[in-house]
Amino acid sequence: VFLVSCFVLMLLAWWGIARFKFNIIEPVNSLLQGVSMLRAGKISKVKISKKNTSREIDVLVNNFNEMALDIHTNQEHLSLVNQSLQEQNTFMETVVQSVSSGIILLNEKGEILFNNDQAEHLLNSKKIKGTHITSLPLSLNDTLHTARHDPSRIHKKDLFSPTTRKTYRIYMRCHSPSKHVIVTMDDIGSLIAAQKRSAILDVARHVAH
């Protein structure tokens, strides 16, 4: 009787251990492996299979699978959005680089965040990105101060640079939430020369009459 009782107890203990392993340990290990795969970026491969375990474990597995599916869906959506933004950035950069006007973007401190190649050509400078506005061969402080105090409109001003011997037509506008300022410039020296020639021709025509 004693041996039979010990054998039955051993069978019950073995069955309990197997049941505990099947219901608790294996699902928890599967969850840990799923977490490791999420951390490694293998989101599309994460899915824990259901087993006939306790209700609490089933709820936990279901929630984890739903969370992994949501992460995978959001990742795909973000990937598409990122691709679209990259295409838009490429398009905008192509447009900005192809215009004949110089374009400069300033931050709140007056540092140059972006410029196109035409801006460097007009200012006779090799590299102006990352520099301060005061390092440019053109005094823009007064116009910049006016643009920041009145961001509702575009401010225009003609400025002459003794360094480059050019006259620029400057347009500035401040973007009020970020305090960033967009500056566009054109060399209007040929325009001024044409206006002077036209004025001289008008005077000569009147004198001739």
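Residues numbered from 1 in each chain as written. Predicted model: local features only at pLDDT ≥ 70, side-chain atom pairs only at ≥ 80, totals over all residues. Heavy atoms only, no water.

### Observations regarding the overall build of the protein
A count of helical and extended segments in the protein gives 5 helices and 5 strands. Tracing the protein from N to C terminus, the helices and strands come up as α-α-β-β-α-α-β-β-β-α. Counting the 209 residues in the protein, one finds 25% classified as buried. For the protein, the exposed surface amounts to about 14900 Å²; the carbon and sulfur share of it is 60%. (Helix = DSSP H or I, 4+ residues; strand = E, 2+ residues; numbered from the N terminus. Buried < 20%, exposed > 50% of the residue type's maximum accessible area, 1.4 Å probe, protein only. Areas by Shrake-Rupley, 256 points an atom, 1.4 Å probe, with all protein chains shown as cover.)

### Quick notes on the side chain of H155
Secondary-structure assignment places H155 in strand β3 (residues 155-161). H155 sits in the buried class, given a relative accessible area of 4%. Among the polar contacts listed, one links the side chain of H155 to the side chain of R153, at a separation of 3.5 Å. (Polar contact = N/O pair within 3.5 Å; in protein donor to acceptor, adjacent residues only side chain to side chain.)

### Here's the deal with the pairing of β3
Sheet topology places β3 next to strand β4 (residues 166-175); 7 bridges connect them, and they run antiparallel. Bridge pairing in β4 places F160 opposite T167. (Pairing = 2+ DSSP bridges.)

### Description of the pattern of salt bridges
What the rule picks out here adds up to 2 salt bridges. The residue R169 makes a salt bridge to D158 at a minimum N-O spacing of 2.9 Å. Here R169, found in strand β4, pairs with D158, found in strand β3; they are 11 residues apart in sequence, far enough to count as distant. With a relative accessible area of 22%, R169 lands in the partly exposed category. Note on D158: relative accessible area 39%, which makes it partly exposed. (Salt bridge = Lys/Arg side-chain N within 4 Å of Asp/Glu carboxyl O.)

### Section: the sheet that holds strand β5 (residues 180-187)
Reading across the sheet, the 5 strands line up as β2-β1-β5-β4-β3 and stay open at both edges, with antiparallel pairing between neighbours. The open sheet is flanked by β2 (112-115) and β3, the only strands paired with a single partner. Within this sheet the neighbouring strands show an average axis-to-axis angle of 25°, counted without direction. (Axes fitted to C-alpha atoms, helices over the stretch in contact; angles between N-to-C directions.)

### Observations regarding a nonpolar patch on the surface
Taken together, the side chains of V4, F7, V8, L9, L11 and L12 define a hydrophobic patch exposed on the protein surface, amounting to about 590 Å² of accessible area. Note that V8 resides in helix α1 (residues 2-39). The class for V8 is partly exposed, based on a relative accessible area of 39%. (Patch = residues over 30% accessible without salt bridge, like charges linked within 9 Å, V, L, I, M, F, W, Y side chains within 5 Å.)

### As for the pairing of β2
Pairing of strand β1 (residues 102-106) with β2, which is carried by 3 bridges, proceeds in the antiparallel orientation. Bridge assignment links I104 to a residue of β2, and that residue is N115.

### Here's the deal with the side chain of T164
Here T164 lies in the loop between β3 and β4. Residue class for T164 comes out buried when judged on its relative accessible area of 10%. Of note is the side chain of T164, whose polar atom sits 3.2 Å from the side chain of S161. Among the polar contacts listed, one links the side chain of T164 to the side chain of Y168, at a separation of 2.9 Å.

### So, unusual backbone geometry
Positioned with a positive phi, N124 is a non-glycine residue whose angle comes to about 55°. Relative to the helices and strands, N124 is located in the loop between α3 (117-122) and α4 (141-149). Even without glycine at this site, K179 takes up a positive phi of about 65°. Looking at where K179 falls in the secondary structure, it is placed in the loop between β4 and β5. Of the residues examined, K179 reaches a relative accessible area of 38% and is grouped as partly exposed.

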